[in-house]
Amino acid sequence: MKKIKVLPAVLCLLLMLTCLFGCSHKTNSTPVNPGDFRVTAYVVSDRLNETFDASNLDKVTDVILFGNATYDEQGNVNLSDTFGADVEFLKHLITDQRLYLNILGPASQSQSDDWNEQMYDLADRNTFAFESGVLEAGIKDVLEEYGFDGVVFDYEFPLRKKDWKSFDKFIVSLDNVLGDDYKIGMSMVGWNLKQSREAIEAVDFFEIMSYDLWDDDGNHATIDIAKDDIKQFEKKGYDKAKLDLGLPFYARPTTKDAYWYDYKDYCNFLDENGLYDDSETGLTFSFNTYDVIKEKTEIAIESGLGGMMVWHYSCDTSADNEKSLFNAIDSAKQEACK
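Criteria and cut-off values
- Residues numbered from 1 in each chain as written.
- Predicted model: local features only at pLDDT ≥ 70, side-chain atom pairs only at ≥ 80, totals over all residues.
- Heavy atoms only, no water.
- Helix = DSSP H or I, 4+ residues; strand = E, 2+ residues; numbered from the N terminus.
- Expected span 1.5 Å × (residues − 1).
- Buried < 20%, exposed > 50% of the residue type's maximum accessible area, 1.4 Å probe, protein only.
- Pairing = 2+ DSSP bridges.
- Axes fitted to C-alpha atoms, helices over the stretch in contact; angles between N-to-C directions.
- Contact = heavy atoms within 4.5 Å.
- Parallel < 35°, antiparallel > 145°, perpendicular 65-115°, else oblique.
- Left-handed = near helix turned anticlockwise from the far one by under 90°.
- Salt bridge = Lys/Arg side-chain N within 4 Å of Asp/Glu carboxyl O.

Student: So what exactly am I meant to see when it comes to helix α4 (residues 135-146) here?
Tutor: Helical geometry: 3.6 residues make up each α-helical turn, so side chains three or four residues apart lie on a common side. Under the 1.5 Å per step criterion, the end-to-end length of α4 is 17 Å for 12 residues, consistent within 8% with the ideal 16 Å. Those residues of α4 that sit buried are L135, E136, G138, I139, V142, L143 and Y146. Trailing α4 by a residue or two, G147 shows a phi angle of about 75°, which is positive.

Encoded structure:
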């Protein structure tokens, strides 16, 4: 009889431990007013020239400048020769949009063909920078000097627990250095959410990289993939008001080969499924169409997300084209505000 009495207690203890270490950590999400819904767009620095089309910028609330700032293994921040001119060019185009700096870390130097080995090498090099003790101040100096609203990290991908631990400690330290004056953003994937609770709280917004992913038929960045990514973040306890659903304004081949195609160059030639057969390469490009982008935006709003993120701005056609993907986002946003 004593054994029978002990068994429920043991099972109860095991259940408590399982929930403590293995259960999801759903949190209450902050309600988002559709009128405050973010539309964040990456602007790639090498597209900032006389051909830059600014016609869609009025639909963007947050701009992330990409491609002209890095940090090395010693934690030194390095700016391109055109950095100052790039910032000034962009500031003359935007009005009241928030402006963030994306900063990239040292690249992998691995000679291995194994993707995991490349990522491990990448993580080791970034960890040196995170533990340098100087990167935080260097980032703050650039934000202050050039008038940014914050910094965004696109660190792909810390796979091991030790890599995440280093990154988490750095993010918390950076938050302490920046205080309330600047915001911190991170681009992340739904299948690699190993961030600590303290680091999650230190970050102001998260960009869900819901692209470069395919379904079983080779379709790129489908609606179902987007839904699954949202669920992954929700399951891990992220405040959905901090989440922006990432949208590809480009195509990938159904074969997953390393090709990328701007939407603006092919939008008039797509079939009803967003596919384009390229006779030159023999590949089929898989795009998100106007209807897909609008539906994804509607799903994000209905799910309580804080916004959408676009990679990248210059891939879209001009605002006067009825097929403009920014128009699709704006249409869904305006309908939600009615």
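Moving on from the coordinates now.
Student: Can you help me understand the sheet that holds strand β9 (residues 243-248) in this one?
Tutor: Consider a sheet: its strands pair through backbone hydrogen bonds, and that pairing is either parallel or antiparallel. In spatial order, the strands read β1-β2-β5-β6-β7-β8-β9-β14; together these 8 strands close into a barrel with parallel pairing. In this sheet, neighbouring strand axes are inclined to one another by 25° on average, regardless of whether the strands run parallel or antiparallel. Pairing analysis gives 5 bridges linking strand β1 (residues 38-44) to strand β2 (residues 62-66), with the strands arranged parallel. Each bridged residue has a counterpart across the sheet, and for V44 the counterpart in β2 is F66. Against the sheet, α4 touches β5 (98-103) and β6 (150-153), its axis set at about 130° to β6. Its contacts with the sheet put helix α8 (residues 290-303) on β9 and β14 (307-311), and the angle it makes with β9 is roughly 170°.

Student: Any chance you could explain the sheet that holds strand β11 (residues 261-262) here in plain terms?
Tutor: Reading across the sheet, the 4 strands line up as β11-β10-β13-β12 and stay open at both edges, with antiparallel pairing between neighbours. Taken across any chain shown, the strands that pair with only one partner, and hence form the sheet edges, are β11 and β12 (275-278). Relative to strand β13 (residues 283-286), strand β10 (residues 250-253) is paired through 2 bridges, and the arrangement is antiparallel. Among the inter-strand pairings, P253 is bridged to a residue of β13, identified as F285.

Student: In this structure, what is going on with the packing of α4 against helix α5 (residues 161-178)? I would like to understand it.
Tutor: For any two helices packed against each other, the geometry comes down to the angle between their axes and how far apart the axes lie. Running from N to C, α4 and α5 cross one another at 45°; their axes reach a closest spacing of 9 Å. By the criterion of interaxial angle, the relationship of α4 to α5 is oblique. The two elements α4 and α5 cross, and the hand of that crossing is right-handed. Contact residues: α4 offers L135, E136, I139, K140 and L143, while α5 offers F170, S173, L174, V177 and L178.

Student: Whenever I open this one, the pattern of salt bridges confuses me. Can you help?
Tutor: When their charged atoms lie close together, side chains carrying opposite charge are able to pair. Tallied over the entire structure, the rule returns 11 salt bridges. Note that R252 is salt-bridged to D212, the shortest N-O span being 2.9 Å. In this pair, R252 sits in strand β10 while D212 sits in the loop between β8 (205-208) and α7 (223-235), placing the two residues 40 residues apart along the sequence. With relative accessibility at 6%, the residue R252 sits in the buried group. K240 is the partner of E234 in a salt bridge, and the nearest nitrogen-oxygen pair spans 3.6 Å.

Student: What is the right way to read the pairing of β5 from this model?
Tutor: Successive residues of a regular strand alternate their side chains across the two faces of the sheet. The element β5 is extensively covered by neighbouring structure, given that 5 of its 6 residues are classed as buried. Judged from the 4 bridges that link them, β5 and β6 form a sheet pairing that is parallel. Its bridge partner lying in β6, I103 is registered against F153.

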